[in-house]
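Architecture and fold: a report
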Amino acid sequence: MKYIVVTGGVVSGLGKGVTISSMGRLLQGCGLKVTSIKIDPYLNVDAGTMSPFEHGEVFVMGDGGESDLDLGNYERFLSISLTSDHNITTGKIYQTVISKERRGDYLGKTVQVVPHITDEIQDWIERVAHIPVDESSNEVADVCLIEVGGTVGDIESSVFLEALRQFQFRVGDDNFCLMFVSLVPILSQEQKTKPTQHGVKDLRSLGLSPKVIFCRSEERLQRDTCNKISSFCHVPPQSVLSVHNVNNVYHVPLMLMEQNLHKIISKELNLQDKIAVVPDMTKWSHMAHQVDSFKKVVKIALIGKYTGFQDSYLSVIKSLMHASIACERKLELVWVEATQLEENDPNGEQKQDKAEYDSAWEKISTADGVIVPGGFGNR
């Protein structure tokens, strides 16, 4: 089993999930089978009790487990079926270790973060990585993609990074590759590398050195910027990859292929005998460019309780996007706050300002379709 770990720095929300999913799609194009694991450092056992306003939607797995929305991204992008165990949280790890301690599994030893928590994390990763996720073949994957949530330097994620530091020695250099996603902001028309330098410095101080750096930026990374990051972050220039803004996320695997990410992975993980020299991304490329060419628009009104945070309805949005692609239409989502459709306020009195009420109903009346996702409880 080969392991690719992706962590991030500077700020959260850079798109580690899209990056790791795109990498997986590229590896599938090279003929490899992939699986994925998401590490969430929060103390919750799972995402089931978390507010959609704070954490986005709860993605329900095939086994009924409630998990982070990123696992939904993995399943959609990679056409795999994951389990609740593919989402590791601090709560799950501590719950497991404490249960073992109560049973006496540690034979009276003092239970500590190192080695007991870190060993449990490593054992969990190895066990889950070998669960078949491809329903068509039911075979164990060749590569396990691991996303570490949050950012380097967070107190919450430090125990997982320590476990991964140990894990690289457990599995060996040929089976472990660390990658880092960072932000390259543009200030005064100049791409700034200092945030990336500090992020990698923090990571290396923990005993982890990235082999590939993904640089998120509004524009394509300039060659001088690549060379500067290479010099200060101890990676070759060809391993500093630009992940700039594109028309749609389906272009990201193609962007990574153009920068030879598959060749870098093949070299780092000694996969030359298994990986195709030229990835088969023909169908994917056709789909990605086809999406850009749609002219006819389909307008769908989405009536919801959590419209202030669109990640709360991510699976619904993706389903509508996939349906619009199949119908060769450009999707236009119109967001309608459910309470705006009520003539009376929560106290039962008629609203003084009816402009909001009339505007909401106008949106619905001009839409081609209406969808009302589930919601729970009162406002």
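Please refer to the structure placed before this passage.
Residues numbered from 1 in each chain as written. Predicted model: local features only at pLDDT ≥ 70, side-chain atom pairs only at ≥ 80, totals over all residues. Heavy atoms only, no water.

Some details on a negative patch on the surface
A cluster of like negative charges, contributed by Asp353, Glu356, Asp358 and Glu362, occupies part of the molecular surface. Mapped onto the elements, Asp353 comes out in the loop between strand 13 (330-337) and helix 13 (355-365). For Asp353, a relative accessible area of 51% gives the class exposed. (Patch = residues over 30% accessible without salt bridge, like charges linked within 9 Å, V, L, I, M, F, W, Y side chains within 5 Å. Areas by Shrake-Rupley, 256 points an atom, 1.4 Å probe, with all protein chains shown as cover. Salt bridge = Lys/Arg side-chain N within 4 Å of Asp/Glu carboxyl O. Lys, Arg positive; Asp, Glu negative; His and termini not counted. Charge placed at Lys NZ, Arg CZ, Asp CG, Glu CD. Helix = DSSP H or I, 4+ residues; strand = E, 2+ residues; numbered from the N terminus. Buried < 20%, exposed > 50% of the residue type's maximum accessible area, 1.4 Å probe, protein only.)

Remarks on the packing of helix 1 (residues 16-29) against helix 3 (residues 70-78)
Where helix 1 contacts helix 3, the axes come no closer than 9 Å and their chain directions differ by 25°. What the angle tells us is that helix 1 and helix 3 run roughly parallel. The handedness of the crossing between helix 1 and helix 3 comes out as right-handed. Where helix 1 abuts helix 3, its residues Gly17, Ile20, Ser21, Ser22, Gly24, Arg25 and Gln28 lie against Asp70, Asn73, Tyr74, Phe77 and Leu78. In terms of residue class, the contact of helix 1 with helix 3 is made up of 4 nonpolar, 6 polar and 2 charged. (Axes fitted to C-alpha atoms, helices over the stretch in contact; angles between N-to-C directions. Parallel < 35°, antiparallel > 145°, perpendicular 65-115°, else oblique. Left-handed = near helix turned anticlockwise from the far one by under 90°. Contact = heavy atoms within 4.5 Å. Nonpolar A, V, L, I, M, F, W, Y, C, P; charged D, E, K, R; others polar.)

Looking at the sheet that holds strand 14 (residues 369-371)
With parallel pairing, the 3 strands of this open sheet are ordered in space as 13-12-14. Here the strands that pair on one side only, and so sit at the sheet edges, are strand 13 and strand 14. Going from strand to strand, the sheet's axes swing by 30° on average, the running direction of each strand aside. Bridge analysis of strand 12 (residues 297-304) against strand 14 gives 3 bridges, and the strand direction is parallel. In the strand pairing of strand 14, Ile300 is matched with Gly369. Contacts between helix 13 and the sheet are confined to strand 12, strand 13 and strand 14, with strand 13 contributing the most and set at about 150° to the helix. (Pairing = 2+ DSSP bridges.)

Structural notes on the nonpolar core
The nonpolar side chains of a soluble globular protein tend to be buried, and buried together. Core analysis: the biggest nonpolar cluster contains 45 residues, and Ile4, Met23, Leu27, Met179, Phe214, Leu261 and Ile265 have the highest contact counts within it. Counting residues in hydrophobic clusters, the runner-up holds 40 residues, among them Tyr3, Val97, Val128 and Cys226. (Core = buried A, V, L, I, M, F, W, Y, C linked by side-chain atoms within 4.5 Å.)

Quick notes on the pairing of strand 1 (residues 2-8)
By the criterion of burial, strand 1 is predominantly enclosed, with 7 of the 7 residues buried. The side-chain alternation of strand 1 yields two buried faces, one formed by Lys2, Ile4, Val6 and Gly8 and the other by Tyr3, Val5 and Thr7. Of the strand pairs in this sheet, strand 1 and strand 6 (residues 143-148) are connected by 5 bridges, and their pairing is parallel. Across the sheet, the residue bridging to Val6 is Glu147, located in strand 6.

These values are about where atoms sit, not about what they do.
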